[in-house]
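Each chain, written out:
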Amino acid sequence: MWGLKQEPFAAGVLSLLFVVFLSLANVSHTIALRYVILAILLLMAGSQWLQWPACKAVFKERIVPVSLLSALLAFAVAHSLSLSLWREESLGEVYSQLLIGGLWFGVGLVLFRRPRMGSILDLTIVAGVLIAATEFSYGLYTYCSTGYWPYMKAFTTATKLEFTFFMNFVLAFIVAILCFGHRQRISRLPRWFLLAAAVLILFVSLCAGARNGMIGMVYLMLSMLFVYMVFEGIEFGWRKAVALFAVVVIGVGGMAAYAVKKDERNALFMASAQAGWDYSATKAWLRMEPYPMISPGVMVDASAYERVAWIHSGLDLIAAKPAGYGYSRDAFRLALAETGRPNQVGHSHSGFIDLGLGLGVAGILLWVAFCGSLIFIGFQGFKQRRDVLGLVLMLITCGFLGRMMLESVFRDHMLHIFLFTSAALLAEMSRRREEGDRS
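The rules behind each value
- The residue numbering used here restarts from 1 in each chain and proceeds along that chain's sequence as written.
- Only residues with pLDDT of at least 70 get local features here, since the model is predicted, and only at 80 or more are side-chain atom pairs given and counted; chain-wide, interface and lining totals rely on the full set of residues.
- Hydrogens and waters are ignored; side-chain quantities use all the structure's heavy atoms.
- Helix and strand assignments come from DSSP, with helices taken as H or I runs of at least 4 residues and strands as E runs of at least 2, each series counted from the N terminus.
- Exposure is judged per residue with a 1.4 Å probe applied to protein chains only, and the accessible area is read against the type maximum: over 50% gives exposed, under 20% gives buried, and values in between give partly exposed.
- It only takes one pair of heavy atoms within 4.5 Å for two residues to be counted as in contact.
- Only the protein chains shown count as covering a residue, and every accessible area follows the Shrake-Rupley method with a 1.4 Å probe.
- Only the stretch in contact is used when fitting a helix axis, every axis being a line fitted to C-alpha atoms; angles between N-to-C directions are given from 0 to 180 degrees.
- If an angle is under 35 degrees, it is roughly parallel; if it is over 145, roughly antiparallel; if it lies from 65 to 115, roughly perpendicular; otherwise it is oblique.
- It is the rotation of the near helix from the far one that decides the hand of a crossing: anticlockwise by less than a right angle makes it left-handed, clockwise makes it right-handed.
- Only Asp, Glu, Lys and Arg are considered charged, only Ala, Val, Leu, Ile, Met, Phe, Trp, Tyr, Cys and Pro nonpolar, and every remaining residue, Gly among them, polar.
- Classification of ring pairs uses Phe, Tyr and Trp, with its six-membered ring standing for Trp, and accepts pairs whose centres are within 6.5 Å; under 30 degrees between planes counts as stacked, over 60 as edge-to-face, and the remaining range as tilted.
- Look at NZ for Lys and CZ for Arg. If either is within 6 Å of the ring centre and within 35 degrees of the ring normal, a charge sits over the ring.
- N or O atoms within 3.5 Å of each other form a polar contact, as long as, within protein, one can give a hydrogen and the other can take it, and as long as residues adjacent in sequence are counted only when both atoms are side-chain atoms.
- In this analysis, the expected span of each helix is defined as 1.5 Å times one less than the number of residues it contains.
- pLDDT expresses how confident the predictor is about each individual residue, on a scale running from 0 to 100.
- Here, the term nonpolar core denotes a set of buried Ala, Val, Leu, Ile, Met, Phe, Trp, Tyr and Cys residues that are joined through side-chain atoms within 4.5 Å.

Participant: Can you explain the overall build of the chain? Please cite residues and give values.
Facilitator: Each helix and strand counted, the chain has 16 helices and two strands in total. Here the chain, with 439 residues, has 53% of them falling under the buried criterion. For the chain, the proportion of contacts with a sequence separation of at least 24, taken over those separated by at least 6, is 76%. A total of about 19600 Å² of accessible surface is found on the chain, and carbon and sulfur atoms cover 68% of it.

Written as structure tokens, this is what we have:
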């Protein structure tokens, strides 16, 4: 499809499509555009499959994650056909969520294994900066118009969950390059751009005011600090290492303290969480009664109360039916209704609960095994060759699993972005290792 003279043009087209997908996938009402981009990329992947032998070999090179993801997809289809309590809906959801995600995984594996392909690191960072800059521009416009900077709102995405998910995701790429990019030529983006991008992302993330987003950001910073000290501390010198440690801890602590103080809900968090854990006392968690009171005149923080109640009740539902009820984004609502509890809720706000209710314990184990293989491959690449790509693969996979504990990120574009980028990282690791062996 693409001749040798056309290859730079083809690489440019691919890079543009990747940036468009990674950025606009986070914007509402772009599903049709995502399908069009996927169709184009599948055609390109088919061409590369025929043209470059390495594009076929990558599936053997990464046989473990490919096999585990394939097993999860096959199990989801079989479960929907034989075990789901809502078969038609499950099949539709498996197609739009998991099977389409599998196609994105395949596109990432094939197209980033090709020679002269740009780095997934740069493309993801550019997409993240576009989203962050748009959010900042909207905030600046609002401030100039009203005198107030918007807080706990997201302009570019449907919810602040989706916004902070992608911002934390991109921040992992940036921090990894800043800390270890000097060991290999891994990015074409200048250091000043990466630093400016990190500051921009931190600012707009703080303005978004998502508590789970802040937890993820603190986890990322402290994780990177630990990794940096283990692998670079000796060469850095102990005095500089201690100073860096203090600066990062103080900075992260100050950022967390600001977020806690800014969000008034945090004062009620513990009492609200306790009320949520004892969910059976009322029907408020089903949104069928008013929220309970912590003390006279003081109502629970609805977010903390509901999330804890939904997680606890979801665990009870999984324990009652470990085989799962049927895959769906609304598996929690449907499972509650099937067990005689009418409700007005949707998903459980926990990806693991949603997955366990949908595909049972077996589905959770298959997903964790797949993610575990990504973490192992990333760790081995970073440990043996200080491969920044491996470090990023580790960070985004651990971050995705961590976010799944408290947020329903195992769906829609968030799942597709994770599968696509993780596959691209796997393929690029293989390609760069092969190029290194030749040089």
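Participant: Let's hear about the packing of helix 2 (residues 31-51) against helix 5 (residues 87-111): which residues, and what values?
Facilitator: Running from N to C, helix 2 and helix 5 cross one another at 40 degrees; their axes reach a closest spacing of 9 Å. Relative to helix 5, the element helix 2 is oriented oblique. The two elements helix 2 and helix 5 cross, and the hand of that crossing is left-handed. For the pair helix 2 and helix 5, contact is made by R34, Y35, I37, L38, L41, L42, M44, A45, Q48 and W49 and by Y95, S96, I100, L103, W104, V107, V110 and L111, respectively. Among the residues making up the contact of helix 2 with helix 5, the classes are represented as 15 nonpolar, two polar and one charged.

Participant: Before we move on, could you go through the packing of aromatic side chains and cite the residues and values that matter?
Facilitator: Two numbers describe a pair of aromatic rings. These are the distance of the centres and the angle of the planes. Inspection of the entire model under this criterion finds 27 aromatic pairs. With a centroid separation of 5.7 Å and an interplanar angle of 90 degrees, the aromatic rings of F21 and F420 are classed as edge-to-face. One end of the pair, F21, is in helix 1 (residues 7-24); the other, F420, is in helix 16 (residues 412-438), and 399 residues separate them in sequence. The residues F21 and F420 share a single accessibility class, namely buried. Grouped by ring-pair contacts, the aromatic residues F105, F165, F166, F169, F173, W367, F370, F400, F410 and F418 constitute a single cluster. The ring of Y325 is capped by K321, whose NZ or CZ atom sits 6.0 Å from the centre of that ring. Above the face of the F382 ring, R386 is positioned so that its terminal group lies 5.9 Å from the ring centre.

Participant: I'd love a proper account of the side chain of S119, names of residues and values included.
Facilitator: Relative to the helices and strands, S119 is located in the loop between helix 5 and helix 6 (120-146). On the accessibility criterion, S119 (7% relative accessible area) is buried. In terms of polar contacts, S119 uses its side chain to reach the backbone amide nitrogen of L121, at 3.1 Å. Those residues in contact with S119 that sit more than four places away from it in its chain are F112, I186, E428 and R432.

Participant: Help me get a handle on helix 6, residues and values and all.
Facilitator: Helix length check: helix 6 (27 residues) gives 39 Å between terminal C-alpha atoms against 39 Å at 1.5 Å per residue, within 8%. Two or three places before L121, at the start of helix 6, stands the capping residue S119, its side-chain oxygen 3.1 Å from that residue's backbone nitrogen. At the exit of helix 6 stands G147, carrying a positive phi of roughly 90 degrees.

Participant: Please provide a residue-by-residue account of the environment of I353, values included.
Facilitator: Here I353 shows up in helix 14 (residues 351-385). Linking I353 and W310, residues 43 residues apart in sequence, is a C-alpha distance of 8.7 Å. If we ignore the near neighbours within four places in the chain, the residues touching I353 are I311, G314, L315, I318 and S348.

Participant: Summarise the environment of S23; cite the residues concerned and give the values.
Facilitator: Inspection of the secondary structure puts S23 in helix 1. With a relative accessible area of 7%, S23 lands in the buried category. C-alpha separation for the pair S23 and L123, spaced 100 residues apart in sequence, amounts to 9.8 Å. The contact partners of S23, leaving out residues within four places of it in the chain, are A127 and I131.

Participant: Requested: an account of the environment of C398, with residues and values cited.
Facilitator: Mapped onto the fold, C398 is located in helix 15 (residues 388-406). Separated by 24 residues in the primary sequence, C398 and L374 place their C-alpha atoms 9.4 Å from one another.

Participant: So what about the confidence of the model for the chain? Which residues, and what values?
Facilitator: Mean pLDDT over the chain stands at 86; residues scoring 70 or higher make up 84%. Per-residue pLDDT, averaged within each element of the chain, yields its smallest value for helix 10 (residues 238-262) (62) and its largest for helix 4 (residues 63-82) (97). In this model residues 1-5 is a low-confidence stretch, pLDDT under 50, and it forms nine contacts with partners more than four residues away in sequence or in other chains.

Participant: Talk me through unusual backbone geometry; I want residue IDs and the actual numbers.
Facilitator: At R287, a position not held by glycine, the phi torsion is positive, near 60 degrees. Considering the arrangement of structural elements, one finds R287 in the loop between helix 11 (269-277) and strand 1 (293-295). With phi around 65 degrees, H349 is a residue other than glycine that occupies positive phi space. Here H349 is to be found in the loop between helix 13 (331-338) and helix 14.

Participant: Describe in detail the packing of helix 12 (residues 302-320) against helix 13, supporting the description with residues and values.
Facilitator: Where helix 12 meets helix 13, the axes come as close as 11 Å, and the angle between the chain directions of the two elements is 60 degrees. With respect to helix 13, the element helix 12 is oriented oblique. Considering only the axes of helix 12 and helix 13, their crossing is left-handed. On helix 13, the residues touching W310, S313, G314 and L317 of helix 12 are F332, A335 and L336.

Participant: How would you summarise the nonpolar core if you had to cite specific residues and measurements?
Facilitator: With 103 residues, the main nonpolar core has L41, F166, W367 and F418 as its most contacted residues. If one sorts the elements of this core by residue count, helix 7 (residues 160-180) sits on top with 17 residues. Among all residues touching F418, those that are not within four sequence positions of it are F169, W367, F370, C371, L374, I396, T397 and F400. Core analysis: the next-biggest nonpolar cluster, separate from the first, contains 20 residues, L286, Y305, L336 and I353 among them.

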